[in-house]
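# Residue-level structural notes
The residues making up each chain are set out below.
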Amino acid sequence: MSHRPPSALAAVSAALLAMSRHLEVGDVLKTIVASARELLDAQYAALGVPDDHGGFAQFVVDGVSDEQWKAIGPLPRQHGILAAMLHQAKPERLADVRKDPRFGGWPDAHPDMSDFLGLPITDGDEIIGALFLANKQCPKPDGGCGFTAEDEELLSILAQHAAIALTNARLYERSRELTIAEERSRLAHELHDAVSQKLFSLRLTAQAAAALVDRDPARAKGELQQVAALAAEAVDELRAAVVELRPAALDEDGLIATLRTQIQVLDRAHAAAVTFASSGVRALPAAQEEALLRVAQEALHNALRHSGAERVDVTLTRRAAATVLRITDDGTGFDPTAVRRAGRHLGLVSMRHRAKSVGGRLTVVSEPGKGATIEMEVPGG
């Protein structure tokens with residue numbers, strides 16, 4: 001039995017832990033490729049996830065600069081040795097990939113590669129990707145491959161764990177898509193109910209005003225003022241819903257800028273003063289940023305729609321090794337235990353679930369007549 005030195009075992013452990021930390025598919029793929037290249041001391045590494053049309057839905061490389069990758073051009077097709085790994089589900093270890101009869105060449109800007117080690121990534125009977133390395137950085141036997149049988153065995157272990165990590169990441173993204181769909185359905189229902197009620201009241205009030213114009217102008221004027229107030233409330237409802245329905249630009253702007261923009265819109269759309277302040281917070285993993293944003297939106301929705309608050313303050317700060325989101329209002333408050341017993345959750349179940357899903361925790365402090373504070377804490381930042 002082969003015994004790898006402790007440093008190599010530590011490297012394998014580090015690679016597997018790195019893969020398990022990520023939930024986004026893109027992050028998982030990048031971690032797998034970088035870990036494989038570093039672990040086996042190769043100059044180049046890549047991982048392709050096939051599509052159903054003879055190409056690749058995703059293709060991630062490591063060891064190639066962004067400029068070189070752009071110069072190479074479109075993603076490769078499923079042909080040659082890549083196709084063999086995907087269709088025959090067997091490893092490929094070659095002394096010189098260029099001399100293999102299946103080799104079909106590569107674009108002008110493509111780096112030159114010689115020795116090659118590739119493995120399919122499988123989930124049961126399904127091939128979900130291909131992982132390969134090129135140019136082992138070591139002295140090579142004359143006419144032989146730098147990659148060894150031991151390297152192949154190690155890459156096989158990595159590929160098995162990559163399959164688990166990739167499958168879990170896909171399940172997570174699917175779950176998140178379903179959660180977003182449920183949220184949109186909920187918002188659409190709330191928007192329909194709220195705006196429909198406002199418009200119905202608006203119509204009745206306008207009809208009453210029309211009937212009073214000739215015989216009681218003073219009362220008609222009062223009814224028209226009510227029409228204006230109802231119309232303004234309907235606009236506020238629409239603005240708030242549009243803010244929540246619009247996909248957050250977290251990738252482009254980050255959590256702080258996205259929160260600041262949305263809160264500025266809410267401050268303009270509502271009679272209550274809505275403020276935002278941030279201090280000492282750095283970028284967080286995408287899943288944590290999205291969870292924090294959604295909890296902030298839910299808490300703001302409750303404060304602005306149900307509490308009668310005149311002021312809502314949102315802060316995002318760093319506390320020790322954690323990031324803390326805090327939403328405080330001076331509204332009517334509520335008894336959290338009574339709300340739970342009555343089956344009215346005010347979104348608290350959803351917020352707690354979001355916090356827990358990213359390793360955080362949610363704290364709710366409120367009592368009747370004394371406002372409410374929602375606090376979410378996540379590690380990092």
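Sequence order sets the numbering: in each chain, residues are counted from 1 along the sequence as written. Selection of residues for local features in this predicted model requires a pLDDT of at least 70, selection of side-chain atom pairs for listing and counting requires 80 or more, and totals for whole chains, interfaces and linings are taken over all residues. Only hydrogens and water are set aside when side-chain values are computed; all heavy atoms of the structure are taken into account.

- Per an unreviewed UniProt entry, the protein chain is named Oxygen sensor histidine kinase NreB, and its organism is Streptomyces microflavus.
- In its Catalytic activity (unreviewed entry) section, the UniProt record describing the protein chain reads: "ATP + protein L-histidine = ADP + protein N-phospho-L-histidine." UniProt positions are given in the numbering used here, feature names are shortened, and annotations may be inferred rather than shown by experiment.

## Points about the sheet that holds strand β6 (residues 273–279)
- Any two strands between which DSSP finds at least two bridges are classified as paired. Starting at the N terminus, helices and strands are each numbered in turn, a helix being any DSSP run of H or I of at least four residues and a strand any DSSP run of E of at least two. The strand order across the open sheet formed by five strands is β6-β7-β8-β10-β9, and the pairing between neighbours is mixed. Of all the strands in the sheet, just β6 and β9 (361–366) have a single pairing partner and so form its edges. Taking the axes of each pair of neighbouring strands and ignoring which way they run, one obtains an average angle of 10° across the sheet.
- Where strand β7 (residues 311–319) and strand β8 (residues 322–329) come together, eight bridges link them in antiparallel fashion. From the neighbouring strand, R318 faces β8, where its bridge partner is T323.
- In this description, contact between two residues means that some pair of their heavy atoms is separated by no more than 4.5 Å. All axes here are fitted lines through C-alpha atoms, helices being fitted over the stretch that makes contact, and every angle between N-to-C directions spans 0 to 180 degrees. Contacts between helix α8 (residues 286–306) and the sheet are confined to β6, β7, β8, β9 and β10 (372–379), with β8 contributing the most and set at about 10° to the helix.
- Sitting on the sheet, helix α10 (residues 348–357) is in contact with β9 and β10, with an inclination near 145° to β9.

## Observations concerning the pattern of salt bridges
- A pair is scored as a salt bridge if a Lys or Arg side-chain nitrogen falls within 4 Å of a carboxyl oxygen belonging to Asp or Glu. This model, assessed by the stated rule, comprises 13 salt bridges.
- R98 is the partner of D96 in a salt bridge, and the nearest nitrogen-oxygen pair spans 2.9 Å.
- In this structure, a network of salt bridges that share partners links the residues R319, R326, R361, E375 and E377.

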